[in-house]
Amino acid sequence: MEKIGLLAGVGRLPVECAMAAKAMGYEVYAVGLIPGVDEELKSCTAGYKDISIAQLQAIIDYLKENGVTKVTMLGKVTKEILYSGQHVQPDLRMLSLIFTLPDRKDDTLMLSFVAELAKDGLEALDQTALIKPLMPAKGVLTKRQPTEDELKDMKFGMEMAREIGRLDVGQTAVVKQLGVMALEAIEGTDACIRRGGELARGGAVVAKVAKPKQDLRFDVPAVGMTTIESMIAVGAKALVIEAGRTLLVDKDRVIELADANDITIAVME
């Protein structure tokens, strides 16, 4: 039985991946990188261990001890932990990596992390290899269709999100009436939605896209229940994601919650 390592952040996505891999006959060994990883991950993997993302050598040792040679990384791990001082006590290997970085952009961090894994024979896989079905095709997923104004904002929001993606800053834009309310940076998608939604005072449109040169080994954009919950909290009314390039986690529950709150979800190219 082939073994796969799963480096897990917060959210439902790691669980979805582990269950899909198990169904395909893989043996999954997971590492919970930060506090808050879904508890269900322990029950759907062959092995699980909590190891701080800052303990790079310990992560590598655990994977190698279990005969893992291929690794995938899923779930939210925001960069703010680098600056918060919480849950992060870097080991010597992680310190060495951080001190050699030219900057702290997302791709810079992740490419360096992947390179360190490769030094020990751990190959980073395409994140979507096991969960491609979670990427919906073009269309409207909810009962309510977008209004003409919302469609204009969706297209505009995708343009803005792609531009910050090109700069490797974020992947989410919150807009209203062709005006930018918020752009995602280090705070992450949910905080961006709440900030932009509050400024919009209701009726905001949220756009989430892949980077123009998205590396499928990490940071593939994903939306799920917390995305819709954040939108509800600030009265945002429309969500657009990119067809075939954005993961929709817990699709049925997401659509049900969106329908119950008169939110429209569109998938566009």
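This one's a predicted model, so the numbers in the text were calculated from it and none came from an experiment.

### Things to note about the overall build of the protein chain
When its secondary structure is counted, the protein chain shows 9 helices and 13 strands. The globule rule puts the C-alpha radius of gyration for 269 residues at 18 Å, and the 19 Å found for the protein chain is close to it. Along the first, second and third principal axes, the C-alpha set of the protein chain runs to 55 × 40 × 30 Å. The buried share of the protein chain, taken over its 269 residues, is 52%. Sequence-distant contacts, at least 24 apart, represent 74% of the contacts inside the protein chain between residues at least 6 apart. Split by element, the accessible area of the protein chain, about 12300 Å² in all, is 53% carbon and sulfur. A gap of 2 Å separates the mean positions of the 33 positive and 39 negative side-chain charges of the protein chain.

### As for the packing of helix α8 (residues 225–234) against helix α9 (residues 251–260)
Two numbers describe how α8 lies on α9: the axes approach to 9 Å, and their chain directions differ by 15°. In terms of orientation, α8 and α9 fall into the roughly parallel class. For the element pair α8 and α9, the recorded crossing hand is left-handed. Counted together, M225, I228, E229 and I232 of α8 and R253, V254, L257 and A258 of α9 form the full contact between these two elements. Residue classes in the contact of α8 with α9 are distributed as 6 nonpolar, no polar and 2 charged.

### Some thoughts on the packing of helix α2 (residues 56–65) against helix α4 (residues 92–99)
One way to put it is that α2 packs onto α4 with a least axis distance of 6 Å and a crossing angle of 120°. Of the possible angle classes, the one that applies to α2 and α4 is oblique. Of the residues in α4, those touching α2 at L56, Q57 and I60 are R93, M94 and L97.

### Side note on the sheet that holds strand β5 (residues 123–124)
One open sheet holds the 5 strands; their spatial order is β3-β2-β1-β4-β5, and the pairing between them is parallel. The open sheet has two edge strands with one neighbour each: β3 (47–50) and β5. Judged from the 2 bridges that link them, strand β4 (residues 70–74) and β5 form a sheet pairing that is parallel. Note on β5: the bridge partner recorded for V71 is A124.

### As for the pattern of salt bridges
By the definition in use, this model includes 22 salt bridges. Between R93 and D120 there is a salt bridge, with the nearest N and O atoms lying 2.8 Å from each other. Of this pair, R93 sits in helix α4 while D120 is found in the loop between α5 (106–119) and β5, placing the two residues 27 residues apart along the sequence. For D120, a relative accessible area of 21% gives the class partly exposed. A salt bridge links R217 to D215; its shortest N-O distance comes to 2.9 Å. Given the relative accessible area of 27%, R217 is considered partly exposed.

### A few points about the pairing of strand β2 (residues 27–32)
Burial within β2 is extensive, with 5 of its 6 residues counted as buried. Pairing geometry for strand β1 (residues 3–8) and β2, over 6 bridges, is parallel. Bridge pairing in β2 places L6 opposite A30. The parallel pair β1 and β2 is bridged by helix α1 (residues 13–23), and the resulting crossover is right-handed. Bridging between β2 and β3 involves 4 bridges; their strand directions are parallel.

### Here's the deal with the nonpolar core
L7, V31, I59, L63, M73, F113 and L122 are the most contacted members of the largest nonpolar core, which has 25 residues in total. Of all the secondary structure elements, the ones that give two or more residues to this core are β2, α2, β4, α4 and α5. A per-element tally of this core places α2 first, with 5 residues. Among all residues touching M73, those that are not within four sequence positions of it are L7, M110, F113, V114, A124, Q127, R217 and F218. In terms of nonpolar packing, the next biggest core, distinct from the first, is built from 23 residues, L74, L130, L134 and V249 among them.

### Focus on the environment of Y48
Mapping Y48 onto the fold places it in strand β3. With 42 residues separating them along the chain, Y48 and L6 place their C-alpha atoms 9.2 Å apart. Non-local contacts of Y48, meaning those with residues more than four positions away in its chain, are made with A30, G32, V37, L41, K42 and Y62. A distance of 2.6 Å separates a polar atom in the side chain of Y48 from a polar atom in the side chain of D50.

Basis of the calculations
- Residues numbered from 1 in each chain as written.
- Predicted model: local features only at pLDDT ≥ 70, side-chain atom pairs only at ≥ 80, totals over all residues.
- Heavy atoms only, no water.
- Helix = DSSP H or I, 4+ residues; strand = E, 2+ residues; numbered from the N terminus.
- Rg over C-alpha atoms; globule rule 2.2 N^0.38 Å.
- Buried < 20%, exposed > 50% of the residue type's maximum accessible area, 1.4 Å probe, protein only.
- Contact = heavy atoms within 4.5 Å.
- Areas by Shrake-Rupley, 256 points an atom, 1.4 Å probe, with all protein chains shown as cover.
- Lys, Arg positive; Asp, Glu negative; His and termini not counted.
- Charge placed at Lys NZ, Arg CZ, Asp CG, Glu CD.
- Axes fitted to C-alpha atoms, helices over the stretch in contact; angles between N-to-C directions.
- Parallel < 35°, antiparallel > 145°, perpendicular 65-115°, else oblique.
- Left-handed = near helix turned anticlockwise from the far one by under 90°.
- Nonpolar A, V, L, I, M, F, W, Y, C, P; charged D, E, K, R; others polar.
- Pairing = 2+ DSSP bridges.
- Salt bridge = Lys/Arg side-chain N within 4 Å of Asp/Glu carboxyl O.
- Right-handed = clockwise from strand over helix to strand, strands pointing away.
- Core = buried A, V, L, I, M, F, W, Y, C linked by side-chain atoms within 4.5 Å.
- Polar contact = N/O pair within 3.5 Å; in protein donor to acceptor, adjacent residues only side chain to side chain.

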